[in-house]
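Residue-level structure breakdown
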Amino acid sequence: VMKESLHDVRVRKEYEAIRGFYAHFLVFVPVMLLLVVIDVVSGSGMWVHWIGIGWGIGLALHAYAAFVLRPRQMARWERDQIEAKDRRGADSASVA
């Protein structure tokens, strides 16, 4: 069994974060469209915007996490892993 390289792990996690955002977005759009139709047809007053605002804030935070936070976290994690590997290599070289 071959281990994933640090780069492969980082790329996979970044891809999963972005894919998760797009899945969230692809649910948000049709559900909101359906709710707008229900709101307009029912004529019970405009309430759908409250759902759109709340869910939209959640979607915006998800986008920030996937496109801004995740790459920063992964870069920091990758740097830490490389530094730890360098330390282990230096430790084993000094023992020999």
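Residues numbered from 1 in each chain as written. Predicted model: local features only at pLDDT ≥ 70, side-chain atom pairs only at ≥ 80, totals over all residues. Heavy atoms only, no water.

This structure, assessed with the given rule, holds five aromatic pairs. Considering the side-chain rings of Tyr22 and Phe67, the 6.1 Å spacing of their centres and the 75° angle between planes classify their relative orientation as edge-to-face. On the criterion of sequence distance, the pair formed by Tyr22 in helix H1 (residues 6-42) and Phe67 in helix H2 (residues 48-95) is long-range, its members being 45 residues apart. The class for Tyr22 is partly exposed, based on a relative accessible area of 44%. With 5.1 Å between their ring centres and 85° between their planes, Phe28 and Trp55 make a pair best called edge-to-face. Of this pair, Phe28 sits in helix H1 while Trp55 is found in helix H2, placing the two residues 27 residues apart along the sequence. (Phe/Tyr/Trp six-rings, centres within 6.5 Å; stacked < 30°, edge-to-face > 60°. Helix = DSSP H or I, 4+ residues; strand = E, 2+ residues; numbered from the N terminus. Buried < 20%, exposed > 50% of the residue type's maximum accessible area, 1.4 Å probe, protein only.)

Next up on the list: the pattern of salt bridges. As enumerated under the stated definition, the model contains three salt bridges in all. As a salt-bridge pair, Arg79 and Asp80 come within 3.7 Å of each other at their nearest N and O atoms. Judged by its relative accessible area of 45%, Arg79 is partly exposed. On the basis of relative accessible area, Asp80 is assigned to the partly exposed category, the value being 35%. In this structure, Arg79 engages Glu83 in a salt bridge whose closest nitrogen and oxygen atoms are separated by 3.9 Å. Pair noted here: Arg79 and Glu83 are both in helix H2, with a separation of four residues, about one helical turn. (Salt bridge = Lys/Arg side-chain N within 4 Å of Asp/Glu carboxyl O.)

Note: α-helices contain 3.6 residues per turn, so residues at a spacing of three or four share the same orientation. Along its 37 residues, H1 runs 54 Å from first to last C-alpha, staying within 8% of the 54 Å computed at 1.5 Å per residue. One or two positions beyond H1, positive phi appears at Gly43, with a value near 65°. (Expected span 1.5 Å × (residues − 1).)

Everything listed is a geometric property; what it means functionally is a separate question.
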